[in-house]
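Breakdown of the fold
Single-letter residue listing:
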Amino acid sequence: MSANNLARITFEHVDVLVVGAGIAGIGMGRHLKTLQPDKSFAIVEARDAIGGTWDLFRYPGIRSDADLHTFGFGFKPWTRDNAIADGDEILDYLQETVDENRLAEHLYFGHKVLRADFSSEESRWTVTIERTGDGAEFEVSCTMLFSAAGYYDTENGYTPHFEGRDEFGGEVVHPQHWPADLDYAGKRVVVIGSGATAVTVVPAMAQTAAHVTMLQRSPTYVLPVPRKDPIANTLRRLLPDKAAYAITRAININKQHALYNLSRRFPKQMRALVRRANIGALPEGYDVDTHFNPNYEPWDQRMCVVPDSDLFHAIAAGHASVVTDGITRFTEGGIQLASGAELEADIIVTATGLNMVPFGKITLHVDGEKVDLHEQLTYKTLMVSGIPNFAFTFGYVNNAWTLKADLVAQWFCRLLAHMDRHGYATVTPLADDPTLVRRPYLDLPTGYVARAMHLFPQQGSRGPWQVDQNYKRDRALLGRDPIEDDALVFTAAQVSTTHRAVGTGSAR
């Protein structure tokens, strides 16, 4: 598939151009195929393979941090035994989706979108693409532009400045740029960080390394979960795959919803429950309050999960340990800590986070003017004020990413049908209420979020401009509410007059 599409030069025009062939882009392709079969579309991907996150990251132990009964597509049952799935299992699932829906003919690898210019006069986007194989640039056009590029800066992970880094005699590795030939067997490894990547890498490396130390400045909530879902696997033995999947998906969505809401309403009690789980999974007498007792409330930041308590088992076996301390500097033999102690290391892994960027760093222009994204507001968390015929997927921070991606794709297809029915050529969200209070798109104290929010559109204080991390509400907002409302401006094809929606009419 990759070789064939890399050999193509390009296309000239499509109704819908999807940027990104990760889970959101592939899901959008399938929805377009089934809900809008008459629309032409292309999925362009800067990399040479599908998968997005799951192709980009190659560090040991990479796996999902949500169960695949909610992280999987709503239209394709997850039928494997592991609910918390390894990266290669997820890639296989995505490839099956491509094959089953004949999406290969729509995929263009090695196609990196650089900029997009919308012309109101022509009611279309002109998109500049770089072919990564030879660096050639060319233009294509589309009526609707859809970003499924996620939020990772795929070229650069985040690493803070460490004094003395050049003095370290071993190898320093960032998980986003993992060397294929890195040999850590029998080596002393220090993993800097305490987030999802760190709690994944540590037990995986501890299987062959001499010892792995997770060095954290402050603790994170870490929750043990079973890798296999006994309810899901029992239902699959008793029921057809689709029925078993639908029931499991509903159960797990409700469990995630309850966990989040209980954490927000009863943080003290939820902290105690997590602490009890940690005590039960760690050796007797382990200093849980130093190493697994965060200084923030549950779900102020995303919780980390460890399947089958693998991190805790590695600690109990003596193959891994946790150190909670500050870093003074790197030394030739390891890391000098703020406490004065030194951690010896042959390899240092900087699991220090990522850089967030909006829409794959594509520069957007409307009628010749560059869009300042931060000055705009998000509409229903899938469009941006002032930008015509543009939509995007940005998943939940408190639930599985794909739950939102499915809803967005379905809403987008309803929008296309609605525009066709009424003869509309453009649709643009208009935020003209001066009393709206602006807030960051994501209001989380996490470092990687705080560093990037000045790049993203903002959210408003009410109505469709709010970013509401609530799947159940979004099922109504995106799944059932009418497409037309008074925040959208539609322009009819071939005429210069505009139509301001008045909140009536069917969205189906």
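Look up: the structure comes first, before these words.
This text gives an overview of the structure that appears in the document. (Residues numbered from 1 in each chain as written. Predicted model: local features only at pLDDT ≥ 70, side-chain atom pairs only at ≥ 80, totals over all residues. Heavy atoms only, no water.)

**Quick notes on unusual backbone geometry**
Of note, the phi angle at arginine 102 is positive, near 50 degrees, even though the residue is not glycine. Structurally, the position occupied by arginine 102 is in the loop between helix H5 (87–100) and strand S3 (107–109). For asparagine 389, which is not glycine, the phi torsion reads 50 degrees and is therefore positive. Mapped onto the elements of the fold, asparagine 389 is located in the loop between strand S22 (383–384) and strand S23 (390–392). (Helix = DSSP H or I, 4+ residues; strand = E, 2+ residues; numbered from the N terminus.)

**Section: the packing of aromatic side chains**
Enumeration according to the criterion identifies 28 aromatic pairs in this entry. Their ring planes at 75 degrees and their centres at 5.1 Å tell us that phenylalanine 359 and phenylalanine 390 sit as a pair that is edge-to-face. With phenylalanine 359 in the loop between strand S18 (354–356) and strand S19 (363–366) and phenylalanine 390 in strand S23, the pair connects residues that are 31 residues apart, well separated along the chain. Relative accessible area serves as the criterion here: at 2%, phenylalanine 390 is assigned to the buried category. Geometrically, the ring pair formed by tyrosine 441 and phenylalanine 456 is stacked, given 6.4 Å between the ring centres and 20 degrees between the ring planes. (Phe/Tyr/Trp six-rings, centres within 6.5 Å; stacked < 30°, edge-to-face > 60°. Buried < 20%, exposed > 50% of the residue type's maximum accessible area, 1.4 Å probe, protein only.)

**Structural notes on the pattern of salt bridges**
Counting across every chain of the model gives 27 salt bridges. Arginine 302 is paired through a salt bridge with aspartate 65; the nearest N and O atoms lie 3.5 Å apart. Here the residue arginine 302 occupies a position in the loop between helix H10 (288–291) and strand S12 (304–307), and aspartate 65 occupies one in the loop between helix H3 (53–56) and helix H4 (68–71), the gap between them amounting to 237 residues. In this structure arginine 302 comes out as partly exposed when scored by relative accessible area, which is 28%. Owing to a relative accessible area of 33%, aspartate 65 belongs among the partly exposed residues under this scheme. One network of salt bridges, with partners in common, ties together Lys76, Arg80, Glu96 and Glu100. (Salt bridge = Lys/Arg side-chain N within 4 Å of Asp/Glu carboxyl O.)

**Quick word on the environment of aspartate 181**
Inspection of the secondary structure assignment puts aspartate 181 in the loop between strand S8 (171–173) and strand S9 (188–192). Separated by 76 residues in the primary sequence, aspartate 181 and glutamate 105 place their C-alpha atoms 34 Å from one another.

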